[in-house]
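So the chains spell out like this:
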Amino acid sequence: MYKGILVAICTVIFSIGSTHGQIVFGKTKQSTDDGLSINYSNPRVYEIADIQVEGVEFLDNNALISLAGLRVGDKVKIPGNSISEAIDKLWKQGIIGNVEIVANKIEGDKIWLTIKLTERPRLTNFEFKGINKSQISELKDKIELVRGKVLTDVVIKNTKLAVKRYLEGKGYLNSEVNILQSKDTIRSNSVNILIDIEKNQKVRVKNITFIGDTVFANARLRGKLKNTGETPKIKLPKDLLEKTVMMLNPVNLWHFMTHREKKSFADLRDYLGEHANVNVFKSAKYIETDYTEDKQTLISFYNSKGYRDAEILSDSIYSIDKRHLNIDIYVEPGQKYYFRNIVWTGNFIYDSEKLDKVLGIEKGDVYDLDLVNKKLNFNPAGEDISSLYMDDGYLFFRVNPVEIGTYQDSIDVEMRMYEGPQATINEVTISGNDKTNDHVIRRELRTLPGQKFNRSELIRTQRELSQLGYFDPEQVNPVPKPNPADETVDIEWQLVERPNDQIELSGGWGGNFGFIGTLGLSFNNFSVKNIPHFDKWRPLPMGDGQKFSVRLQANGVRYQSYSVSFNEPWLGGRRPNNFGISFNHSVQRNVNFRNRNDVYSKLQLSGATISLGRRVRWPDDFFQVSNSISMQKYNVQGQSYEQFYKISGDAYSFTFNNTIARNSVDQPMYPRYGSSLSMSASFTPPYSLFNDREYDTDSQDNFKFLEYHKWNLDFRYYLKLAGDLVLAPRAHFGFLGSYTDKVGVGPFERFTLGGSGLTGQNFVLGTDIIGLRGYNDRSLNGDDPNAEYQGGTAFTKFVMELRYPVSLNPSATIYGLVFFEGGNNWSDIARFNPYNLYRSVGAGVRIFMPAFGLLGLDWGYGLDALPGSNEVSGPQFHFSIGQQIR
């Protein structure tokens, strides 16, 4: 408003000596108080003799004069456009509140001017009202308010729009935002603002109706809107409830997952959406950006079913009350098309028959151009044309599918190809490895200078570097830099180091042992050779990929445990031969509470293990084979332990272990795809087969030299469902056996189930502890209460987890999970029954912090009653440290 008035009127005040006269430019001749007059119909040209600026506190005078476009010596016509244009230029900067140009003096044809202005206030502080702290934190990142900056009308308007958009993104479509200014009483020309927000109730989508489509059911189309759903209307039919209850058996869930050619997660989701009228993993909030994206997804669905001409004619979004709205979508599917002839041109390396086989699309298949592009360029589910060429060095390969003819409901497609020359890798560079030495990275590379470019090996190298644990797996980035002129390619590996050394300082309640303190240190990128070179410490000797760990647990006299281990993943530096060595010593005592030096009984365990593993290339190069030899010495003293273990004095265990494992998991911290399979067998020498000794069942000398064979099978699978939502099923089996019935299975190395599976907090030596959430620690010790020893000789466990990340930041990786699991423990393999399981459901969170490792907290609800109880186990909280094996 001010701008229009000033530009239209252009007030100029003339002052001569002590007499002041004001001349207002208009269309008629006006006079001043001192008798001066100006003829508006006869403008006069003046030369600017001087320019001054008044009213400025923060702005620069010379800068303002320059912005006005006026200079000393310029000739201006008064009345004329020069003054109005100068005012207009200053106003456009948005930092001026009021402006006028005043003539202080006129002598002949010269004029002295003063620019009088008022600066806009500056922002001192801003606050929010009506929203919580987390929303305030998010909004501060979205608005552009900066303390000390000029508060313009544009800034206020943009702030209001940003707040409105943020609230609309949260579903508050009817929110009200007011920005209130108050003068700062301390700082001159400064203001504080209050952003007053009235969120009102969220607006949700009540009904989504599709009009014009007679091909697909409304429920199925609603299921294709990934982000926009209806307000849930829970109407589960009885048969679905029965099927859901039936699925709560983990064996049936496992069968469901291992027969994915018959069923898929999408099938289950669509079934729930269509038959149960339930929204799965979908919000009923209306968010415009998500809805726009969903409309494109809907069209893509039609296209994938052959309706390439499908379009959304229009849509109608209308409120039905303050909390709900309806969406009507008018759809025209069009005609359904099919593939007819697919013709390849420009191919010389591979013939058309080979390319047709890889493409996997036959005449008569439903027309889906997106599927064609996926199978041409990158198909995560299998082979594609691009990988066929790029894995053979043809980096410059291109293919373009072109529709060349439409015949009724069929389409001919021509694949126009440019194969190009093979590309040779020229240079491989590495950046971002501030701590890890280059040779640790280069020994994992499968893309080396002089080799032909290979896309599969590039992806595999990315996985191998992610698995190391030294770098942020989300930022392991290979950057190929093609050089078509000389038919080469340079590859830069961009890495971001992550802290991976860990310190464990914790305490817990160890049952009868009382409070147990734990101190552990793990250096996961250690360097032995740099120990004497203090100039290479950062701040410790590191960078060679070795691992060194020490751990101490104690509560004084009653329980103590010490362990130290070292691991070299590339023994000798030439091949990935993994060498490890570890030592452990533990002791637990029953003592007199009044006099801790009075020991009733004691169990002591000391041992050492040496291992050597290597990668193998058959059946594929994801396999590893490792062997280890360990010696454990048990010392049992005191009546209570001697009766429990039926051993007095020393007992020895010499064990050979062989493990065959396959690991194709993409990354260790939050895997999204791949699997892990481990089969291990441990054997002691079969002493009883080579001596003529008669074993007495009551003799305490039967297990002076332990003999057993132990088998474990662990399987994990990761399936990315949508985005970062991951389904993670796993299964575990174990069996402990003896070579002969005259000895049987001894008291050591038996299985016990229940709780978190956190060995360090159960404090039972010589026992294999398996977690089972929803039940007390070690509550399942075999199914035969009359068994000679506690603990089972066979166990099974099935787990189904659904995971979603909260943060994938390398400094704090956090993800939540829901789980359903079941397991059991049998005293004898003859009693094994995989359908007789103790089941539980629950939820949890995992937090990985480099300094402390992986921490877990779970709430589980046991669905079954433990042996000897008539009530279900019910709710349990479980805390875990580290990556649990089983």
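Residues numbered from 1 in each chain as written. Predicted model: local features only at pLDDT ≥ 70, side-chain atom pairs only at ≥ 80, totals over all residues. Heavy atoms only, no water.

Novice: Kindly report on the packing of aromatic side chains, identifying the contributing residues and their values.
Specialist: Two descriptors summarise a pair of aromatic rings, namely the distance from one centre to the other and the angle between the planes of the rings. Under the counting rule described, the total for this entry stands at 24 aromatic pairs. When the ring of Phe-126 is compared with that of Phe-128, the centres are 6.1 Å apart and the planes differ by 85°; the resulting orientation is edge-to-face. With respect to class, Phe-126 is no different from Phe-128; both count as buried. Ring geometry for Tyr-652 against Phe-705: centres 5.7 Å apart, planes inclined by 25°, an arrangement best described as stacked. With Tyr-652 in strand β28 (residues 649–663) and Phe-705 in the loop between β29 (674–683) and β30 (709–722), this pair connects stretches of sequence that are 53 residues apart. Looking at Arg-460, its charged tip hangs above the ring of Phe-622, at a distance of 3.7 Å from the centre. Positioned above the aromatic ring of Phe-819, the side-chain terminus of Arg-773 is 3.8 Å from the ring centre. (Phe/Tyr/Trp six-rings, centres within 6.5 Å; stacked < 30°, edge-to-face > 60°. Buried < 20%, exposed > 50% of the residue type's maximum accessible area, 1.4 Å probe, protein only. Helix = DSSP H or I, 4+ residues; strand = E, 2+ residues; numbered from the N terminus. Lys NZ or Arg CZ within 6 Å of the ring centre and 35° of its normal.)

Novice: Break down the pairing of strand β38 (residues 872–881) for me, citing the residues and quoting the values.
Specialist: When strand β37 (residues 853–865) meets β38, the two strands line up antiparallel, connected through nine bridges. Directly across from Gly-862, in β38, lies its bridge partner Gly-874. Connecting β37 to the antiparallel partner β38 that follows it, the hairpin turn spans six residues, and Gly-868 within it adopts a positive phi of roughly 90°. (Pairing = 2+ DSSP bridges.)

Novice: Tell me about the packing of helix α2 (residues 61–68) against helix α3 (residues 81–92), and name the residues and values.
Specialist: With their axes 8 Å apart at the nearest point, α2 and α3 run at an angle of 120° to one another. On the basis of the axis angle, α2 is oblique to α3. Only Ala-86, Lys-89 and Leu-90 of α3 make contact with α2, whose side of the interface consists of Leu-64, Leu-67 and Ala-68. Tallied by class, the residues present in the contact of α2 with α3 amount to five nonpolar, no polar and one charged. (Axes fitted to C-alpha atoms, helices over the stretch in contact; angles between N-to-C directions. Parallel < 35°, antiparallel > 145°, perpendicular 65-115°, else oblique. Contact = heavy atoms within 4.5 Å. Nonpolar A, V, L, I, M, F, W, Y, C, P; charged D, E, K, R; others polar.)

Novice: Account for the nonpolar core, naming residues and giving values.
Specialist: Judged by nonpolar contacts, the single largest core of 24 residues is most densely connected at Leu-70, Val-99, Ile-101, Leu-113 and Ile-115. At the level of secondary structure, the elements contributing two or more residues to this core comprise β5 (44–54), α2, β6 (75–78), α3, β7 (96–107) and β8 (110–119). Sorting elements by how many residues they give to this core places α3 first, with five residues. Beyond its immediate stretch of four places on either side in the chain, Leu-70 contacts Ile-48, Ile-51, Ile-65, Val-76, Ser-82, Ala-86, Ile-101 and Leu-113. In this structure, Val-358, Leu-359, Val-413 and Met-415 belong to the second largest nonpolar core, which totals 22 residues. (Core = buried A, V, L, I, M, F, W, Y, C linked by side-chain atoms within 4.5 Å.)

Novice: Mind laying out the sheet that holds strand β16 (residues 398–407), listing which residues take part and the relevant values?
Specialist: Taking strand neighbours across the sheet as the criterion, the three strands line up as β15-β17-β16 in an open arrangement whose pairing is mixed. Two strands close off the open sheet at either side, each with one partner strand: β15 (338–345) and β16. Each adjacent strand pair in this sheet contributes to an overall mean axis angle of 25°, direction not counted. Strand direction decides the pairing type here: β16 and strand β17 (residues 410–418), joined by nine bridges, are antiparallel. Bridging from a neighbouring strand, Thr-406 pairs with Ile-411 of β17. With respect to the sheet, helix α12 (residues 369–377) is in contact with β15, β16 and β17, its orientation differing from that of β16 by roughly 150°.

Novice: Tell me about a positive patch on the surface, residues and numbers included.
Specialist: Together, Lys-435, Lys-529, Lys-536 and Arg-538 make up a positively charged patch on the protein surface. Tracing the backbone shows Arg-538 in the loop between β22 (515–526) and β23 (546–554). (Patch = residues over 30% accessible without salt bridge, like charges linked within 9 Å, V, L, I, M, F, W, Y side chains within 5 Å. Areas by Shrake-Rupley, 256 points an atom, 1.4 Å probe, with all protein chains shown as cover. Salt bridge = Lys/Arg side-chain N within 4 Å of Asp/Glu carboxyl O. Lys, Arg positive; Asp, Glu negative; His and termini not counted. Charge placed at Lys NZ, Arg CZ, Asp CG, Glu CD.)

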